[in-house]
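# Reading the structure
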Amino acid sequence: MSYQVVPNADSQLNRPSGIAVYPGTFDPITNGHVDIVKRSLRMFDQVIVALAVNTEKKPLFPLEERVALVEQCFTANSNVTVDTTDGLTVDYAVQQNACAIVRGLRAVSDFDYEFQLALINRKLERRVQTVFLMTGLRWIYISSSIIKNAARHGGDISGMVPAHVLAALKEKYTESK
Ligand code: COA
């Protein structure tokens, strides 16, 4: 039996571009995020790390600092760019000619929210696919909040964030004392 791929209205719109957008707050970027970017580069030619300007969160690091911390992680990767976006992520992805949005999944607890986000994004813009990567086992328990919390109380978070992020966190919490 042979199967035929039937063209539909979508097929015209779904041309892969090799560009993916990895959106988030990145307050601050962690080794878990870095791992997702590096693994995305095995699938996509270019990854744009897009920092959300208008997040419901109250970030510890101002936007410019968050951008600088992300940029420092990828100075050796010319196929990673860092940008900011203040609208819908799917609109940004289309503007950038990206074919996909990458999201990391750490645990079942992430699934409901991520599923909802992926569905609304698909409803808003069918040309952009959401691609989920399972977070590496080593980073499964990490989140930006948990790291900030540990750092605030003087916990040892080395190995969970890049060295320059560790230094920035130390500085931030020393400043505020
Ligand atoms: N390693 C470490 N931590 C990870 C991780 C990984 N691999 N994957 C997720 N996380 C953590 C993050 O550190 C973050 O932790 P925090 O909550 O303690 O800060 C949490 O998981 C999720 O954050 P993030 O991935 O940065 O997503 P977000 O929820 O902060 O941001 C947006 C979501 C910005 C992508 C989404 O709201 C968005 O697209 N907004 C723009 C408007 C829009 O288009 N909305 C959707 C349609 S209405």
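Throughout what follows, the structure given in this document is the object of discussion. Note that the structure is a prediction, hence the values are computed from the model and not measured.

### Brief notes about helix H5 (residues 144–152)
For H5, the set of buried residues is Ser144, Ile147, Lys148 and Ala151. All buried residues of H5 fall inside an arc of 100° around its axis, so they share one side. Those residues of H5 that are buried are in contact with helix H1 (31–40) and helix H6 (163–175). At the exit of H5 stands Gly154, carrying a positive phi of roughly 80°.

### Comments concerning unusual backbone geometry
A negative phi holds for most residues other than glycine; trans holds for most peptide bonds. For the bond from Asp27 to Pro28, the omega torsion is -5°, close enough to zero to count as cis. Here Pro28 shows up in the loop between strand S1 (19–24) and H1. A positive phi is found at Phe26, a non-glycine position, where the angle reads about 50°. Even without being a glycine, Asn97 presents a positive backbone phi close to 60°. By the secondary structure assignment, Asn97 is in the loop between helix H3 (89–95) and strand S4 (100–105).

### Examining the pairing of S1
In terms of residue burial, S1 counts as a mostly covered element, since six of its six residues are buried. Residues Ile19, Val21 and Pro23 line one face of S1 and the alternating positions Ala20, Tyr22 and Gly24 line the opposite face, and both faces are buried. For S1 and strand S2 (residues 46–52), the ladder comprises six bridges, and the chain directions are parallel. Its bridge partner lying in S2, Ile19 is registered against Gln46. As defined by bridge partners, S1 adjoins S4 across two bridges and the pair is classed as parallel. Opposite Val21, over in S4, you have Ile101 as the bridge partner.

Conventions used here
- Residues numbered from 1 in each chain as written.
- Predicted model: local features only at pLDDT ≥ 70, side-chain atom pairs only at ≥ 80, totals over all residues.
- Heavy atoms only, no water.
- Buried < 20%, exposed > 50% of the residue type's maximum accessible area, 1.4 Å probe, protein only.
- Helix = DSSP H or I, 4+ residues; strand = E, 2+ residues; numbered from the N terminus.
- Arc of directions from axis to C-beta.
- Contact = heavy atoms within 4.5 Å.
- Pairing = 2+ DSSP bridges.

Spatial relationships are all this shows, so hold off on functional conclusions.
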